[in-house]
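Listed here are the chains, written in short residue letters.
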Amino acid sequence: MSLLDLLWPLYRREAPRLLVALGLGLVTLFAGIALLGISGWFLTAAALTTAGMAFNLFGPSSLIRGLSLLRILARYGERIAGHDATLALLAGLRGDVFARLLARIPLGRLPDEAGGAMAHGDLVSRLTADIDQLESLFVVGVGPLVNGLLAALALGVALALLLPSALLPVLFALALAIIGVPLLLLLLARRPARAVARLGALLRGAVIEAIESRDDLRAFGRTALAQARFEQAAVELGRARRRLALSGALAGAAMQALTAGALLAVLLLGTRALSSGAITGPLLVGLLLGTLASFEAVAAILRGVARFGPAAAAAERLAGLLDAPAAIVAEPHPLSLPNSLDIAFEAVHFAYEPGRPALSGLTLKIGCGERVALTGPSGSGKSTLFALILRLHDPDSGRVLLGGIDLKCADPDEIHAAVAVLEQDAPLFMGSVRDNLLIGNPRCGDAALWAMLEAVQMADLVAALPGGLDAFVGETGHTLSAGQARRLCLARTLLSPAPILLLDEPTASIDPALEQAIFEALPRLTAGRTLVVATHAPPAMLKDFNRKLHLCAQGALEIA
């Protein structure tokens, strides 16, 4: 069901490409079966013919050449069409998973299968390796299944017309080959396939986490422990892969035995029919080779089924990710926000975990266009307050209002258009300085970008970089220092046209002189807009704010 849920919409969307690939695969299959059968008949008949002039060599040989050329061209076309369809399916699958993920992930850590918190490496593995498991499922799974079924049907029709006595035993062998052996393989491979998916994700996650924490592991002398855990997981993964390979080998042996049984039945019953004059020797050879070719096509089903186990395990892991509860539930008929957007908290209670409240009975009103500085110790709820204004969470009780509208009744898209936020861990994206700034406002020209960089004391630095605004900042902005990256993120947020700006520690990792300059520039840069800043800056830097509020434990407010 997880596979159907993920892939069926994509298969319908890419139906023309898939049908072309499937049609060319069928042409390739039947051309190959006909080529083998006719070649066997032709060579046997030619060898048995004593009067060469009485045997037509040109018709069958031309047919063989034509089938060979048709098979080559169809195979080439099938590969092109199949890979084109696979790439289209992969692109669609990644896009669909990403879109569904953005809507479903809660802001806290995602749950894993055991009910604990999903590790970052596990999430990365699900979005990469698990999706990769599904990319070629049609080419190696669905296509061979259809081809094998049609090959079995064609063989049954041929035997019914030419050797009826062999029909029942061959159909019995085909039924076992198409249904029995694949089901056996699915049963045998299900548990090791899940183990391979789980342990593979564990290993990839361990590598990511070890790289991210390598300095701490070295500092505390725990590299040997991390390596031992990794090696233990690798040993378990090897065992699971061997069990998976063993199940495939057993199924392959069963398929070979069924092929041998079908050939033996055709040979014995065909020899009897040959003795009675019901068929000729060349025809018997052609039937034997056609049976062999048909069972080879059916055996391709087994190779596809071998992919279904890992693919099903990957689909289950992706479904577990996509079925995570939504952070918020949008109102079917939302209310529009007014032009004047004051912010109000009415007796708001919120906790990330039961018994550990982040805000308890917070009541607060911030007028439209007001500049408010929020101070307080870490853990007092400043970041939580911002998350509630953005409706990234809903309060457990009480109300959060924008312009007098309860956020639960408003359109989430309107909320996010009205509120821009700079988080404590705001990232830089892999790209240029320009790319990162335009996220805040795609309509800004170069003059506006340079002006904002000047305001956050970054203009000289960016101008000195190769390419200026087009300079590459690297993944997560690793080419910049922590303070430089922070100022670039601040510039991006200030470029937003949103009427409400929420800045969470905007001057973190910035030296005092630059911090002072940025706080002095904020009133000018945010004129006419509501500004709420959560900060640990000294009071002297906050003189231009209308109000300074101190947030104590669990959301208790005091005038700073």
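All figures in this text were calculated on a predicted structure; none of them were measured in a lab.

As a further point, take the overall build of the chain. Helices and strands together make up the secondary structure of the chain, namely 16 helices and ten strands. For the chain, the proportion of its 560 residues judged to be buried stands at 45%. Sequence separation of at least 24 residues holds for 78% of the intrachain contacts in the chain that already meet a minimum separation of 6. A total accessible area of about 27900 Å² is found for the chain, and carbon and sulfur atoms account for 64% of it.

Let's shift gears to a nonpolar patch on the surface. A grouping of Leu153, Val157, Leu161 and Leu162 is seen on the molecular surface, where their side chains present a nonpolar patch of about 400 Å² in accessible area. Within the secondary structure, Leu162 sits in helix α5 (residues 137-162).

Tracing the backbone through its elements, the reader meets Arg94 in helix α3 (residues 58-104). C-alpha of Arg94 to C-alpha of Asp132: the two residues are 38 residues apart in sequence and 9.5 Å apart in space.

With that settled, the discussion passes to the pairing of strand β4 (residues 397-402). The pairing of strand β1 (residues 343-353) with β4 spans five bridges and is antiparallel. Looking at β4, one finds that Ile343 is bridged to Leu402. With antiparallel pairing between neighbouring strands as the criterion, β4 and strand β5 (residues 405-406) make up a hairpin whose turn holds two residues, including Gly403 at a positive phi of roughly 60°.

Right, let's talk about the environment of Gly32 for a bit. Structurally, Gly32 is set in helix α2 (residues 15-48). Judged by its relative accessible area of 16%, Gly32 is buried. Expressed as a C-alpha distance, the spacing of Gly32 and Ala297, which sit 265 residues apart in the sequence, is 9.7 Å.

What follows concerns a positive patch on the surface. A cluster of basic residues, Arg191, Arg239, Arg242 and Arg243, forms a positive patch at the surface. Take the positive patch: its biggest share by element is three residues, from helix α8 (residues 223-275). Counting through the fold element by element, Arg191 comes out in helix α6 (residues 167-212). Classification of Arg191 by relative accessible area gives exposed; the value is 72%.

Below, the discussion takes up the packing of helix α15 (residues 482-494) against helix α16 (residues 512-525). Relative to each other, α15 and α16 sit at 5°, their axes nearing to 13 Å. The pairing of α15 with α16 is recorded here as roughly parallel in orientation. On α16, the residues touching Arg487, Leu490 and Leu494 of α15 are Leu514, Ile518, Leu522 and Leu525. Class assignment of the residues belonging to the contact of α15 with α16 gives a composition of six nonpolar, no polar and one charged.

Attention now goes to the confidence of the model for the chain. When the pLDDT values of the chain are averaged, the result is 83; 90% of them are 70 or greater. Here strand β10 (residues 557-559) stands out as the least confident element of the chain, with mean pLDDT 62; strand β7 (residues 500-504) is the most confident, with 94.

This paragraph deals with the packing of aromatic side chains. One pass over the structure, following the stated rule, counts two aromatic pairs. A centroid spacing of 4.9 Å and a plane angle of 85° characterise the contact between Phe350 and Tyr352, whose relative ring orientation is edge-to-face. On the basis of relative accessible area, Phe350 is assigned to the buried category, the value being 6%. Geometrically, the ring pair formed by Phe519 and Phe545 is edge-to-face, given 6.3 Å between the ring centres and 65° between the ring planes. Of this pair, Phe519 sits in helix α16 while Phe545 is found in the loop between β8 (530-534) and β9 (547-551), placing the two residues 26 residues apart along the sequence. Both residues of the pair, Phe519 and Phe545, count as buried.

Let us now look at the side chain of Thr526. With respect to the helices, strands and loops of the structure, Thr526 is situated in the loop between α16 and β8. Classification of Thr526 as buried rests on a relative accessible area of 1%. Leaving out residues up to four positions away in the same chain, Thr526 has contacts with Arg371, Leu494, Leu501 and Leu531.

The next subject is the sheet that holds β4. Overall, antiparallel pairing links the four strands, which are arranged β2-β1-β4-β5 in an open sheet. Where the open sheet ends on each side, the last strands, each with one partner, are β2 (356-366) and β5.

This part is about the pattern of salt bridges. The full count for this structure, using the stated rule, is nine salt bridges. The salt bridge involving Asp446 is made with Arg434; its shortest N-O contact spans 2.5 Å. Of the two residues, Asp446 sits in helix α13 (residues 446-455) while Arg434 sits in helix α12 (residues 433-438), which places them twelve residues apart along the sequence. Residue Asp446 is classed as partly exposed on the basis of its relative accessible area, which comes to 38%. Through salt bridges with shared partners, a single network forms among Arg434, Asp446 and Asp470.

So, on to unusual backbone geometry. Within the chain, Gln457 stands out as a residue other than glycine whose phi angle is a positive 65°. Relative to the helices and strands, Gln457 is located in the loop between α13 and α14 (459-464).

The subject of this paragraph is the pairing of β8. With five of five residues buried, β8 is to be regarded as a mostly interior element. In β8, alternate side chains face the same way, and those of Thr530, Val532 and Ala534 on one face and Leu531 and Val533 on the other are all buried. Bridge count between strand β3 (residues 371-375) and β8: four bridges; the pairing is parallel. By the bridge assignment, Ala373 is partnered in β8 with Val533. By the bridge criterion, five bridges tie β7 to β8 in an arrangement that is parallel. When the sheet's bridge partners are listed, Ile500 is paired in β8 with Thr530. Between the parallel elements β7 and β8, the chain passes through α16 in a crossover that is right-handed.

What counts, and where the lines are drawn
For every chain, the first residue of the written sequence is number 1, and numbering continues from 1 along that sequence. The predicted origin of the model limits local features to residues at a pLDDT of at least 70 and limits the giving and counting of side-chain atom pairs to 80 or more, whereas totals for whole chains, interfaces and linings rest on all residues. Heavy atoms throughout the structure, all of them, feed into the side-chain values; hydrogens and water do not. Secondary structure elements are taken from DSSP: a helix is a run of H or I of four residues or more, a strand is a run of E of two residues or more, and numbering for both begins at the N terminus. Each residue gets one of three labels from its accessible area relative to the maximum for its type: buried under 20%, exposed over 50%, partly exposed in between, using a 1.4 Å probe on protein chains only. Residue contacts are defined here by distance: any two heavy atoms, one from each residue, within 4.5 Å place the two residues in contact. In these tables, accessible area is a Shrake-Rupley quantity obtained with a 1.4 Å probe, and a residue counts as shielded only by the protein chains included in the view. Exposure above 30% relative accessible area and the lack of any salt bridge qualify a residue for a patch; like charges then connect within 9 Å, and the nonpolar side chains Val, Leu, Ile, Met, Phe, Trp and Tyr within 5 Å. Here a salt bridge means any side-chain nitrogen of Lys or Arg lying within 4 Å of a carboxyl oxygen belonging to Asp or Glu. Strands pair, by our definition, only if DSSP identifies at least two bridges between them. When charges are counted, Lys and Arg contribute as positive and Asp and Glu as negative, whereas His and the chain ends are disregarded. Note that the charge is assigned to NZ on lysines, CZ on arginines, CG on aspartates and CD on glutamates. Axis definition: a line fit to C-alpha positions, over the contact stretch in the case of helices; interaxial angles, taken between N-to-C directions, run 0 to 180 degrees. The labels follow the angle: roughly parallel below 35 degrees, roughly antiparallel above 145, roughly perpendicular from 65 to 115, and oblique for the rest. Residues are grouped as follows: Ala, Val, Leu, Ile, Met, Phe, Trp, Tyr, Cys and Pro are nonpolar; Asp, Glu, Lys and Arg are charged; every other residue, Gly included, is polar. What pLDDT conveys is the predictor's confidence in a given residue, as a value from 0 to 100. Note on aromatic contacts: the rings of Phe and Tyr and the six-membered ring of Trp form a pair at centre separations within 6.5 Å, being stacked when their planes are under 30 degrees apart, edge-to-face when over 60 apart, and tilted otherwise. Clockwise travel from the first strand over the helix to the second, with the strands pointing away from the viewer, marks a crossover as right-handed.

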